Amino acid sequence: MKTTPVIVAVVAAAFAWPVSVQGAEQLIRDRGCMSCHDVSQYKIAPPFKAVALKFRGNPDMALPRFTAALRDGIGHPKSEMTEDEIAKVTRWIMSL
């Protein structure tokens, strides 16, 4: 049946999502992000849930914008995160 590969892909993606963000919260804490951000309350910077909401209508723009902010310091202090770490953190934020 032709729908089987599609179903398998959807189920695999559903199970892969939590694995791909595993450790993201600890990474955010280790990198000092929680000094300015919180998950749901405004501190010095917007909460991660508000950031996720900003990109909810256009999630494909989240990673390029987060990468520019964290790697290049555009509108945000530069971070020492690798591109893989930025991708993991982005997926975690967008899952909120």
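Conventions adopted
Sequence order as written defines residue numbering, which begins from 1 separately in each chain. With the structure being a predicted model, the display of local features is reserved for residues of pLDDT at least 70 and the display and counting of side-chain atom pairs for 80 or more, all residues being used for whole-chain, interface and lining totals. Remark: hydrogens and water are excluded; side-chain values derive from all non-hydrogen atoms of the structure. We count a salt bridge whenever a side-chain nitrogen from Lys or Arg sits within 4 Å of a carboxyl oxygen from Asp or Glu. Numbered from the N terminus, helices here are DSSP runs of H or I no shorter than four residues, and strands are runs of E no shorter than two. A 1.4 Å probe rolled over the protein chains alone gives each residue an accessible area, and that area as a share of the maximum for its type sets the label: buried under 20%, exposed over 50%, partly exposed in between. We call two residues contacting when some pair of their heavy atoms lies within 4.5 Å. Side-chain atoms within 4.5 Å are what join buried Ala, Val, Leu, Ile, Met, Phe, Trp, Tyr and Cys residues into a set we call a nonpolar core.

Trainee: Sorry, what's going on with the pattern of salt bridges here?
Mentor: Note on pairing: side chains with opposite charge can pair once their charged atoms come close. Applying the stated criterion across every chain, the model contains four salt bridges. With a shortest N-O distance of 3.6 Å, Arg29 and Glu25 are connected by a salt bridge. With a gap of four residues between them, Arg29 and Glu25 both fall in helix α2 (residues 24-30), about one helical turn apart. Arg29 sits in the partly exposed class, given a relative accessible area of 45%. Arg71 is the partner of Asp72 in a salt bridge, and the nearest nitrogen-oxygen pair spans 3.1 Å. Classification of Asp72 by relative accessible area gives partly exposed; the value is 36%. Of the residues examined, Arg71 reaches a relative accessible area of 39% and is grouped as partly exposed. The structure contains a network of salt bridges with shared partners spanning Arg71, Asp72 and Glu83.

Trainee: Help me understand helix α4 (residues 62-72), please; the structure alone is not making it clear to me.
Mentor: In an α-helix, one full turn covers 3.6 residues, which means residues spaced three or four apart are oriented alike. Within the sequence span of α4, burial applies to Ala62, Phe66, Thr67, Ala68, Ala69 and Leu70. Packing partners of the buried residues in α4 comprise α3 (48-55) and α5 (83-94).

Trainee: Sorry, what's going on with the nonpolar core here?
Mentor: If you look at soluble globular proteins, the nonpolar side chains tend to sit buried side by side. Among the nonpolar cores identified, the biggest contains 19 residues, and Ile28, Phe48, Trp92 and Ile93 are the most heavily contacted of them. Those elements giving two or more residues to this core turn out to be α2, α3, α4 and α5. No other element matches the five residues that α5 contributes to this core. Ignoring anything within four residues of it in the chain, the contact list for Ile28 reads Cys33, Met34, Phe48, Val89 and Trp92.

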